[in-house]
Amino acid sequence: MPRRTDPGELERLRHRTSEINRKILDLLNERASMLPAIQEVKARLRLEGYSPAREQEMLEELITANPGPFPDDAVRQVFKEVFRAFLGLMETEKNTDLRVSRHSNLPDILVRVGDRTIGGGTPVIIAGPCSVESEEQLEEVAAALAAMGVGFLRGGAFKPRTSPYAFQGLGVKGLHLLAAAGKRHGMAVVTEAVDTRTVHVIAEHADVVQVGSRNMANYELLKAVAACGRPVLLKRGFAATLDEFVQAAEYIAAGGNEQIILCERGIRTFEQETRFTLDISAVPLLQGMTRLPIIVDVSHSAGRRDILSSLARASLAAGANGVMIEVHPNPAIARSDNQQQLDIAQFRALLAQLQRFLAPV
Ligand code: PEP
Ligand code: MN
């Protein structure tokens, strides 16, 4: 005799199924709530987050303990998915837990260079020639900049040039010239390290070690500058996303050096009127993403000198902690970047236009 249909039967079964789903969910959440403790212990023991051996062991335990009727293959499939989801969780937690990240709830990082500070209050100006070319060239520009109150002197001694035949910089001799000019005029000096071999000698002579755009993703160089004992000015790769840029900074922080200045210096776009396109939105976005000071290099962004004042004012209006500008006593004969460097009078005029941003608040 066919069973009489009970109209409430399906409802009851569905209700029970929903209850079981909720219990599974509660258990998954209980498992998720253990993650921070597991991660903490693993970090202390310096163990990897993911252990394939442990995953295999858990699967075997489950299959052995499975009384059915849920088939072993299905147990394996479901738990592999569970493990994968938890691994994903561990990875996102690690990401939001970057040392330089804003999410860490730690205060803003101020970079101390001698008695100067980058970050916080008044924006800084970093100026100087693209390349250190001679004692005379450097002396002329350093004396003028110091007299205008510029605190940071930049100049490349090791130059990363697109053409191997272009001027590659004076090397160690350039470092000596730069350090001496900085000392004479009471300025902190900033210069670029292009490879791991020279980081040490650069850190000996420079107050701030720069990592250039072409090297932002040179992770071995990032590890080397992390250990160099100097603040690091990290430039954004011209084809790097902001996330990649922040991760590059994290390499330096993870290496024990949180004295990092981020530098937006333009990114490559289809636009040809400028050498690169200044990504002004990087300034507030990076401020939201990280606790690090952010400066803008307007010279390499533009690749031309006629719009530098506008770009510098836009950068400071957007909240940048400073600007970097190339200045040369005679740009027409500069051995690198002669289209974009300002002469001393042009720089003086630009600086006058920035005064309202530079006055202490
Ligand atoms: C520089 O600042 O000298 C330089 C080479 O800039 P970038 O790495 O941004 O091209
Ligand atoms: Mn340059």
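All of the points below concern the structure found in this document. (Residues numbered from 1 in each chain as written. Chains lettered and ligands numbered in written order. Predicted model: local features only at pLDDT ≥ 70, side-chain atom pairs only at ≥ 80, totals over all residues. Heavy atoms only, no water.)

1. Concerning the nonpolar core
When a protein is soluble and globular, its nonpolar side chains tend to lie buried together. Note the following rule: The nonpolar core is taken to be a set of buried Ala, Val, Leu, Ile, Met, Phe, Trp, Tyr and Cys residues, with the residues joined through side-chain atoms within 4.5 Å. Note on classification: 1.4 Å probe, protein chains only; a residue is buried when its accessible area is under 20% of the maximum for its type, exposed when over 50%, partly exposed between these limits. Contacts were defined at the residue level, with two residues in contact if any of their heavy atoms lie within 4.5 Å.
By size, the foremost hydrophobic cluster in this structure holds 72 residues, and its most contacted members are Ile125, Leu145, Leu234, Ile260, Leu262 and Phe347. Residues contacting Leu234, with those up to four places away along its chain left out, are Val211, Met216, Leu222, Phe245, Ala248, Ala249, Ile252, Ile260, Ile261, Leu262 and Cys263. Core analysis: the second largest hydrophobic core is formed by 14 residues, Ile118, Val124, Leu233 and Met324 among them.

2. Thoughts on the coordination of the manganese ion (ligand 2)
Applicable threshold: Here a donor is any nitrogen, oxygen or sulfur atom (N, O, S) within 2.8 Å of the metal, with 3.2 Å used for Na, K and Ca; water is not among the atoms considered, so some sites may look incomplete.
Taken together, the protein ligands of the manganese ion (ligand 2) are Cys130 (SG), His300 (NE2), Glu326 (OE) and Asp337 (OD), with distances of 2.0 to 2.3 Å. Using a relative accessible area of 9% as the deciding quantity, one classes His300 as buried.

3. Section: the pairing of strand S8 (residues 260-264)
Definition in use: In this description a helix means any DSSP run of H or I spanning at least four residues, a strand means any run of E spanning at least two, and both kinds are numbered starting from the N terminus. For two strands to pair, DSSP has to find at least two bridges joining them. When the strands point away from the viewer and the path from the first strand over the helix to the second turns clockwise, the crossover is right-handed.
Of all 5 residues in S8, 5 are buried; the element is thus mostly enclosed. A two-sided burial pattern is seen for S8, the buried positions comprising Ile260, Leu262 and Glu264 on one face and Ile261 and Cys263 on the other. Bridge count for strand S7 (residues 232-235) against S8 is 4 bridges, and the pairing is parallel. Within S8, the position partnered with Val232 by the bridge is Ile260. Regarding topology, helix H9 (residues 242-254) serves as the crossover connection from S7 to the parallel S8, and that connection is right-handed. Here S8 runs beside strand S9 (residues 294-297); their pairing, made up of 3 bridges, is parallel. Counted as the bridge partner of Leu262 is Ile294 from S9.

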